[in-house]
Amino acid sequence: MDRLVGLELASAVGALTLLVMIQGDGQSSYLIVPLVLVLLGFAGTLVYTRLLGPKP
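What counts as what
- Residues numbered from 1 in each chain as written.
- Predicted model: local features only at pLDDT ≥ 70, side-chain atom pairs only at ≥ 80, totals over all residues.
- Heavy atoms only, no water.
- Axes fitted to C-alpha atoms, helices over the stretch in contact; angles between N-to-C directions.
- Helix = DSSP H or I, 4+ residues; strand = E, 2+ residues; numbered from the N terminus.
- Parallel < 35°, antiparallel > 145°, perpendicular 65-115°, else oblique.
- Contact = heavy atoms within 4.5 Å.
- Nonpolar A, V, L, I, M, F, W, Y, C, P; charged D, E, K, R; others polar.
- Buried < 20%, exposed > 50% of the residue type's maximum accessible area, 1.4 Å probe, protein only.
- Polar contact = N/O pair within 3.5 Å; in protein donor to acceptor, adjacent residues only side chain to side chain.

A. Spotlight on the packing of helix H1 (residues 2–25) against helix H2 (residues 32–52). It is at 9 Å that the axes of H1 and H2 come closest, and there the two elements cross at 175°. Taken together, the axes of H1 and H2 lie roughly antiparallel to each other. For the pair H1 and H2, the contacting residues are Arg3, Leu4, Leu7, Glu8, Ser11, Gly14, Ala15, Leu18, Leu19 and Ile22 in the first and Val33, Pro34, Leu37, Val38, Gly41, Gly44, Thr45, Tyr48 and Thr49 in the second. When its residues are assigned to classes, the contact of H1 with H2 shows 11 nonpolar, six polar and two charged.

B. Seen up close, the side chain of Ser11. Structurally, Ser11 can be placed in helix H1. Since its relative accessible area comes to 13%, Ser11 is described here as buried. Not counting chain neighbours up to four residues away, the residues in contact with Ser11 comprise Leu37, Val38 and Gly41.

C. Here's a closer look at the side chain of Thr45. Here Thr45 is to be found in helix H2. A distance of 2.9 Å separates the side chain of Thr45 from the backbone oxygen of Gly41, its partner in a polar contact. Those residues in contact with Thr45, other than ones at most four positions away along the chain, are Leu4, Leu7 and Glu8.

These figures capture arrangement, not role.
In structure tokens form, the structure reads like this:
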């Protein structure tokens, strides 16, 4: 479960960092990168939850 919390935290911090860097550069065309990171973080959460859940 600690890994799941770490994955969520890394995804959120990474997306926020990318958003700040993109706003600083003024390149709005790169906004797709943090969006993809958030989606992959969500998918990773689902995978970890499935793997760490109870076995049938």
